[in-house]
Amino acid sequence: MAGPVRINIPSTIVTGAGAFDEAAPHAARSGMKHVLVVSDPYLVEQGLPDRLVDQCGQTGIEARVYGDVTPDPTDVNVEEGLALFREEGCDGVIAVGGGSSIDAGKGIAVMATNDGPLSEFAGYHRIPRPGVPLYAIPTTAGTGSEMTRVTVLTDTERNVKMMMLDAHLLPTAAFVDYTLTLSMPRPLTANVGVDTLTHGIEAYVSRKSGTMTDALALSCVDLVGRHLVRAWMHPDDHGARKGMMEAASLGGMAFANSSVCLVHGMSRPLGAVFHLPHGLSNSVLLPAVTQFSLPGAPDRYAVLARKLGWAGEEDDTPRACALLVDGLRKLNETVEIPTLRDCGISMEALTGALDKMAVDALESGSPQNNPRVPTAEEIKTLYLEAY
Ligand SMILES: NC(=O)c1ccc[n+]([C@@H]2O[C@H](COP(=O)([O-])OP(=O)(O)OC[C@H]3O[C@@H](n4cnc5c(N)ncnc54)[C@H](O)[C@@H]3O)[C@@H](O)[C@H]2O)c1
Ligand SMILES: [Fe+2]
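Residues numbered from 1 in each chain as written. Chains lettered and ligands numbered in written order. Predicted model: local features only at pLDDT ≥ 70, side-chain atom pairs only at ≥ 80, totals over all residues. Heavy atoms only, no water.

Draft legend 1. Spatial organisation of the environment of S366. Looking at where S366 falls in the secondary structure, it is placed in the loop between α13 (347-363) and α14 (376-386). Its relative accessible area of 4% is what places S366 among the buried residues. As for S366 and G265, which are separated by 101 residues in sequence, their C-alpha atoms are 5.0 Å apart. Contact partners of S366, with chain neighbours within four places excluded, come to V260, C261, L262, G265 and R268. A polar contact is formed between the side chain of S366 and the side chain of R268, at a distance of 3.3 Å. (Helix = DSSP H or I, 4+ residues; strand = E, 2+ residues; numbered from the N terminus. Buried < 20%, exposed > 50% of the residue type's maximum accessible area, 1.4 Å probe, protein only. Contact = heavy atoms within 4.5 Å. Polar contact = N/O pair within 3.5 Å; in protein donor to acceptor, adjacent residues only side chain to side chain.)

Pasting the structure below:
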């Protein structure tokens, strides 16, 4: 028997329309006096962080905005935010935005209480002390970062994406308000939606999966099957947006306590080399990597095909597996996920990067959780198949 399983999730989760408005009162009740709001330039322009600052003011909390988080957030974002946090004498962080803002907020919250360069904390369970209280308000559906003890921050000196997993990175509270996602344009809905699906699938087939994470992962996949295409087709459909937001949070809870596998292992190097959004680099790999992985856990993949509504009870395992791969390809087409070629990546550029990407993928540790563990050569072939 494997050893005991540890599950970490935020101690307070508020979901549904209006959850956003609960953050400031909750902060006040928890004793926060001076908050740093972390967000990105687009959302600042839309006025969302300022809305939160106003609500904080109404509950007697002072708030300042650090609004310069970049996509694929960096150590520089963390340093800038931390400088403002200290200058203002803040005692808590509220991150509002997509995975980038939330991940930057996590970095700031732990660097406020820990010494040493951020790069020392890369890897698993390496952060000595808890950070300051951190609330997460996601605006994409999504990375699930609001539920996870994970952050991905780029080390700008070495140009590598540092993955950190530590319970000290877990938000204290998550306010999950699907109405914030109604403004997502179609390409963003598609990218982050397939990222969510990948979290559910990988958490379920992972070698680290367990009874509790299975329940979360299957709920995630079920919701994506029912709501992703509708949310993409009808951006203002509240039911579909709500379903995808819940799927994103459930997917985050699932993968952070099980693990991601080969798709994420291969997508990080691909995104780093070719500067692709996280969700997009997962989406282009998902069908080919699933096809490769089927022999490692055919019954589990068959369950996923049925959850997605792409196979019925009458379909046996081999047929359900085939329908799953077929369905993933069709889903990418339906929500207009571009191919690597459409993204302007040439075959020469891809071939030239294969060796480094395969090494980086294996070094991340994620492929080792996959139901079928690939060699470096097999990883290279999979990149080419996804082209
Ligand atoms: N920590 C984790 O557990 C975890 C999991 C998966 C991914 N990630 C990380 O998350 C990051 C990606 O996050 P993301 O995909 O949410 O995108 P993002 O945060 O990078 O945002 C992408 C763009 O969408 C805009 N945007 C955000 N919400 C919007 C809305 N409601 N309407 C319109 N535009 C909106 C942003 O302003 C930004 O320009 C990557 O850095 C990835 O590594 C983290
Ligand atoms: Fe992801």
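Draft legend 2. A look at the site of ligand 1. Lining the immediate surroundings of ligand 1 are 28 residues, of which D40, S100, T139, T140 and T148 lie closest. The separation between an oxygen atom of ligand 1 and a polar side-chain atom of D40 is 2.7 Å. One nitrogen or oxygen atom from the side chain of S183 is found 2.8 Å from a nitrogen atom belonging to ligand 1. In isolation ligand 1 exposes 870 Å². Once the protein is present, 88% of that is buried. (Near = heavy atom within 4 Å. Areas by Shrake-Rupley, 256 points an atom, 1.4 Å probe, with all protein chains shown as cover.)

Draft legend 3. A look at the coordination of the iron ion (ligand 2). Within the first shell, the iron ion (ligand 2) binds the protein through D195 (OD), H199 (NE2), H264 (NE2) and H278 (NE2), at distances of 2.1 to 2.2 Å. Counting gaps between the donor residues of the iron ion (ligand 2) yields the pattern D-x3-H-x64-H-x13-H. Separated by 65 residues along the polypeptide, H199 in helix α6 (residues 186-205) and H264 in helix α9 (residues 262-274) bring together distant segments of the chain. An identical accessibility class is assigned to H199 and H264; each is buried. (Donors = N, O, S within 2.8 Å, 3.2 Å for Na, K, Ca; no water.)

Draft legend 4. Highlighting the packing of aromatic side chains. Under the defined criterion, the tally for this structure stands at 1 aromatic pair. Arranged with centres 5.5 Å apart and planes meeting at 50 degrees, the rings of Y135 and F175 form a pair that is tilted. Taken together, the residues Y135 in strand β6 (residues 134-138) and F175 in strand β9 (residues 173-176) connect sequence positions 40 residues apart. On the basis of relative accessibility, which here comes to 0%, the residue F175 falls in the buried class. In this structure, R51 packs its charged tip against the face of F20, placed 4.4 Å from the ring centre. Across the ring face of W232, the terminal group of R186 is positioned such that the distance to the ring centre comes to 4.0 Å. (Phe/Tyr/Trp six-rings, centres within 6.5 Å; stacked < 30°, edge-to-face > 60°. Lys NZ or Arg CZ within 6 Å of the ring centre and 35° of its normal.)

Draft legend 5. Geometry of the side chain of S293. Along the polypeptide, S293 turns up in helix α10 (residues 278-293). At a separation of 3.0 Å, a polar atom in the side chain of S293 contacts the side chain of N370. With residues up to four places along the chain from it excluded, the contact list for S293 reads L262, Y301, N370, P371 and R372.

Draft legend 6. View of the sheet that holds strand β5 (residues 123-124). Pairing within the open sheet is mixed, and its 3 strands lie in the order β5-β8-β7. The open sheet has two edge strands, β5 and β7 (150-155), and neither has a second partner. Pairing between β7 and strand β8 (residues 160-165): 6 bridges, direction antiparallel. Within the sheet, the bridge partner assigned to T154 lies in β8 and is K161. (Pairing = 2+ DSSP bridges.)

Draft legend 7. Region of the structure containing the pattern of salt bridges. Under the counting rule described, the total for this entry stands at 15 salt bridges. Residue D237 is joined to R230 by a salt bridge in which the shortest nitrogen-to-oxygen separation is 2.5 Å. Relative accessible area serves as the criterion here: at 44%, R230 is assigned to the partly exposed category. Between D360 and K356 there is a salt bridge, and its shortest N-O distance comes to 2.7 Å. With D360 and K356 both in helix α13 and 4 residues apart, the pair spans about one turn of that helix. The class for K356 is partly exposed, based on a relative accessible area of 48%. A single salt-bridge network, built from bridges that share partners, covers D355, E377 and K380. (Salt bridge = Lys/Arg side-chain N within 4 Å of Asp/Glu carboxyl O.)

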